[in-house]
Amino acid sequence: MLKRLFVVLILTYVTNSFAQLTPTQKDSVKIAQDSIKKSEYLKNIGNGFLPFKYFDLDLRYLVKFNQYEGLRTGLGGVTNDRFSEWFRINSYVVYGFKDHRFKYKIGGGFRLNESTNTWLNFAYTDDLSETGSSKFLTDKRFFTFFEPRLLNIDLFHKYISKSISLEHRVSNHLLTETELALNKIDPTYNYTYVLDSENYKTFDLSTAKLSLQWSPFSTFDIVEDGVETIVDGYPKFTLQLTQGFKSVFGSDFNFSKIDFRTVQQFNHKNDGITNLTLVAGAVRGDAPLTHLYHAYPNNINKETILQRFSVAGLNSFETMYFNEFFSDKFSTLQLKHYFPIFKISDRFRPQLVLISRYAIGEMDSIDRHQDISFGTLNHVYSESGFEINKLLFGFGLSFAYRYGGYHLPNLEDNIAFKFTFNLSL
């Protein structure tokens, strides 16, 4: 009773205080409130969501394009706290106009603990995945507004996945996610995996994953709707362990997989930035090509430089052709140096970035992978170049040159000339 009386008195005081303000003071309060609303709205957009009353629209599903599906468009999103603070629905449906096929996900989750942001999630997904890609479970919590490399990908496999996962924040510095999944894999290209005199064109996989995202030098603050990053500290570390179980729920293969990434960044006094990204991965056991590594290629298989003119990726090898290399053990190192922005005018502020990338890998039992041809990265793959970003409306230009152990005889085949796109809210 006393608590309710106290709340009523506080509300009455605030209301009377606002009523006594002058028109100018009221305008100032309204402007401040509008500014807060605008800031929250832009924050949601920056995180990849367009907020509605009970549902946040996920911007990633609106429009995409790749070489297999052509135009891919649809709707998806997740319910917000106004719908429920303890239960959420997270689903999408998209359509590919080139392959004439719907893809979808039906999922949801239950919040088990608010203070540690612990969620138990479940999902049924029928979609495509890029062959040779390796994604960290915790990366889905870090949104990239535009993923230019997706435009050029053509090697996909269909998958149907039934999964259950547990998200848990051990501390502000350590995020974890664990997933158990049953997967049916069907490559969209001609491929056969040969094992013990059996030929597999499609396969079933039962997997368990554990992913950890550790940011030991970041600084956080507690806000009304959770934890907010105040200082993005470096280095950052991400580790993911995957285990495939043969004969569990009909699974065909037994394999172990480990993926690691670390990012270091140095901020210089002149506003320049040096960024280093190291990625490594290894697979042991019987894993098909779909679950190996391609080293992030981003060069279209066409004859001339202008025919290959497209969009440069964020962390991809611009001179490496799609499907040129696959590995079951690999490592890449990327170095980027961002020079201070050239402040030519208020609207024209280009930025020069120097880039060098290196990759090495190997492949055991390459003869198991039939009906598809590719090379291996037994020698160091090297490329260097530069970007001039934000020349016009966020667009810029990129140039890269391939040299070293995988330099090609024809000079122009070693050159990648593309445009870049950088959007910041």
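Keep in mind that this is a model prediction, so the values were computed, not measured.

The rules we used
Residues numbered from 1 in each chain as written. Predicted model: local features only at pLDDT ≥ 70, side-chain atom pairs only at ≥ 80, totals over all residues. Heavy atoms only, no water. Phe/Tyr/Trp six-rings, centres within 6.5 Å; stacked < 30°, edge-to-face > 60°. Helix = DSSP H or I, 4+ residues; strand = E, 2+ residues; numbered from the N terminus. Buried < 20%, exposed > 50% of the residue type's maximum accessible area, 1.4 Å probe, protein only. Lys NZ or Arg CZ within 6 Å of the ring centre and 35° of its normal. Pairing = 2+ DSSP bridges.

Visitor: So what exactly am I meant to see when it comes to the packing of aromatic side chains here?
Guide: Any two aromatic rings considered together are summarised by their centre-to-centre distance and by the angle between their planes. Applying the stated criterion to the full structure yields 24 aromatic pairs. Considering the side-chain rings of Phe 203 and Phe 253, the 5.7 Å spacing of their centres and the 55° angle between planes classify their relative orientation as tilted. Here Phe 203 is found in strand β12 (residues 203–214), whereas its partner Phe 253 is found in the loop between β15 (236–244) and β16 (255–267), with 50 residues between them in sequence. For the pair formed by Phe 203 and Phe 253, the shared burial category is buried. Here the aromatic cluster, defined as three or more aromatic residues joined through ring pairs, consists of Phe 309, Phe 395, Phe 417, Phe 419 and Phe 421. The ring of Trp 119 carries Arg 88 above its face, with NZ or CZ at 3.8 Å from the centroid. Taking NZ or CZ as reference, Arg 111 lies 5.9 Å from the ring centre of Trp 86, over its face.

Visitor: Is there a simple way to think about unusual backbone geometry in this case?
Guide: Excluding glycine, residues mostly carry a negative phi; peptide bonds, for their part, are mostly trans. Residue Tyr 234 is joined to Pro 235 through a cis peptide bond whose omega torsion reads 0°. Positionally, Pro 235 belongs in the loop between β14 (226–231) and β15. If you check the backbone angles, Ser 197 has positive phi at about 65° while not being a glycine. Of note, Ser 197 is situated in the loop between β10 (192–195) and β11 (198–200). Note on Ser 197: relative accessible area 76%, which makes it exposed.

Visitor: It is not clear to me how the pairing of strand β2 (residues 55–58) should be interpreted in this structure. Could you clarify?
Guide: Moving residue by residue along a regular strand, the side chains alternate between the two faces of the sheet. With three bridges joining them, strand β1 (residues 49–51) and β2 adopt antiparallel strand pairing. Among the inter-strand pairings, Phe 49 is bridged to a residue of β2, identified as Asp 58. Where β1 folds back onto β2 in an antiparallel hairpin, the turn is made up of three residues. Here three bridges tie β2 to strand β4 (residues 70–79), and the two strands are oriented antiparallel to one another. By the bridge assignment for β4, Phe 55 is matched with Thr 79.

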